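Remarks on the overall topology
Residue strings, one per chain:
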Amino acid sequence: QQQVKQSPQSLIVQKGGISIINCAYENTAFDYFPWYQQFPGKGPALLIAIRPDVSEKKEGRFTISFNKSAKQFSLHIMDSQPGDSATYFCAAGKTGGGNKLTFGTGTQLKVEL
Amino acid sequence: KAGVTQTPRYLIKTRGQQVTLSCSPISGHRSVSWYQQTPGQGLQFLFEYFSETQRNKGNFPGRFSGRQFSNSRSEMNVSTLELGDSALYLCASSSEQGARGYTFGSGTRLTVV
């Protein structure tokens, strides 16, 4: 059972544009929603995370928008750069669930010059 | 501060063999989680160890097992290897309970032939 659905599977954005990746979850017990960035040959690295008590969190060019009623959250990358080209994963976890995250299937982002 | 170290980086095994992968967490981190990453399934949770005890287990067959030592280093073992076990195996460590502050290693690429 896929509990976190991520779209799109791949995305091409022009340099300076906005990249948007969407995720939807099913389990209302989830209370921690991180995004990870993965470059080829490397493990995923935590980019930004949000709790459901806020609707938006911004760190530099990266923003998470969270809609609790719709059970959806999204990552916005402003002023996208070629160096942002990577695979992005959304994930969800819950307090009391130990250190277990349920991941989306990933989005391959390519930022073109 | 050293990151999460996984050894070996690459491994080629034959069907039916067994394999042991190693993970050294960040110093002071007591939680170690393992994930299997494949192109089709994304990141799938295998299990988590905290203070030498398995705290969570994913939906993998009993051929997949793990353990954690008193120094928090962890190993995972896969017995009777199948072609479908070919994947990138990722280890993540955390100092906290509840999936915050996950740091991933670069993974072990296992190929079963």
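What counts as what
- Residues numbered from 1 in each chain as written.
- Chains lettered and ligands numbered in written order.
- Predicted model: local features only at pLDDT ≥ 70, side-chain atom pairs only at ≥ 80, totals over all residues.
- Heavy atoms only, no water.
- Helix = DSSP H or I, 4+ residues; strand = E, 2+ residues; numbered from the N terminus.
- Rg over C-alpha atoms; globule rule 2.2 N^0.38 Å.
- Buried < 20%, exposed > 50% of the residue type's maximum accessible area, 1.4 Å probe, protein only.
- Polar contact = N/O pair within 3.5 Å; in protein donor to acceptor, adjacent residues only side chain to side chain.
- Contact = heavy atoms within 4.5 Å.
- Core = buried A, V, L, I, M, F, W, Y, C linked by side-chain atoms within 4.5 Å.
- Buried area = accessible area lost by both parts, 1.4 Å probe.
- Salt bridge = Lys/Arg side-chain N within 4 Å of Asp/Glu carboxyl O.
- Nonpolar A, V, L, I, M, F, W, Y, C, P; charged D, E, K, R; others polar.

A count of helices and strands for chain A gives 0 helices and 11 strands. Put simply, chain A runs from its N terminus to its C terminus through helices and strands in the order β-β-β-β-β-β-β-β-β-β-β. Taken over the C-alpha trace, chain A has a radius of gyration of 13 Å; the compact-globule value for 113 residues is 13 Å, and the two agree within 12%. Projected onto the principal axes, the alpha-carbon positions of chain A cover approximately 45 × 30 × 20 Å. Within chain A, the proportion of its 113 residues that are buried is 47%.

What follows concerns the side chain of Ser93 of chain B. All names here are of chain B. Summarising the element assignment, Ser93 is placed in strand β9 (residues 87-94). Exposure remark for Ser93: the relative accessible area of 0% places this residue in the buried category. Within polar-contact distance, the side chain of Ser93 engages the backbone nitrogen of Ile26 at 3.4 Å. Among the polar contacts listed, one links the side chain of Ser93 to the side chain of His29, at a separation of 2.7 Å. Not counting the four nearest positions on each side in its chain, Ser93 is found in contact with Val4, Pro25, Ile26, His29, Ser31, Val32, Gly101, Tyr102 and Thr103.

Now for the nonpolar core. Core analysis: the largest hydrophobic core is formed by 24 residues, its most contacted members being Phe33, Trp35, Phe73, Leu75 and Tyr88 of chain A. For this core, the elements supplying multiple residues, two or more each, are β2 (10-14), β3 (19-25), β4 (33-38), β5 (45-50), β7 (62-67), β8 (72-77), β9 (86-92) and β11 (107-112) of chain A. Per-element tally for this core: the top contributor is β9 of chain A, with 4 residues. Beyond its immediate chain neighbours, meaning those up to four positions away, Tyr88 of chain A contacts Gln6, Ile21, Tyr36, Gln37, Leu47, Leu75, Ile77, Gly106, Thr107 and Leu109 of chain A. With 21 residues, the next largest nonpolar core counts Val4, Cys23, Met76 and Val78 of chain B among its residues.

On to the interface of chain A and chain B. If you look at the interface, chain A gives 18 residues, while chain B gives 23 residues. With both sides pooled, the region where chain A packs onto chain B buries about 1700 Å², and carbon together with sulfur makes up 51% of that total. Considering only the surface of chain A that becomes buried against chain B, Asn99, Lys100 and Phe103 of chain A emerge as the three largest contributors, covering 36% of it. Linking chain A to chain B there are 0 salt bridges. Between the two partners, chain A and chain B, sit 3 residue pairs in polar contact (both at pLDDT 80 or more). For the side of chain A that touches chain B, the residue count by class is 7 nonpolar, 7 polar and 4 charged.

On to the environment of Leu47 of chain A, then. Residues and elements named next belong to chain A. You can see Leu47 is positioned in strand β5. Between the alpha carbons of Leu47 and Phe89 there is a distance of 9.7 Å; along the sequence they are 42 residues apart. Setting aside residues up to four positions removed in sequence, Leu47 forms contacts with Trp35, Tyr36, Gln37, Glu59, Phe62, Leu75 and Tyr88.

All right, on to the pattern of salt bridges then. Residues and elements named next belong to chain B. Tallied over the full model, the rule gives 7 salt bridges over all chains. Taking the shortest distance from any N to any O, the salt bridge between Arg55 and Glu48 comes out at 2.4 Å. Judged by relative accessible area, which is 0%, Glu48 ranks as buried. The salt bridge partner of Arg63 is Glu82, with a shortest N-O separation of 3.6 Å. You can see Arg63 sitting in the loop between β6 (53-57) and β7 (64-68) and its partner Glu82 sitting in the loop between β8 (74-78) and β9, a full 19 residues away along the chain. Judged by its relative accessible area of 16%, Arg63 falls in the buried class. Owing to a relative accessible area of 42%, Glu82 belongs among the partly exposed residues under this scheme. One continuous salt-bridge network, built from bridges that share partners, spans Arg63, Glu82 and Asp85.

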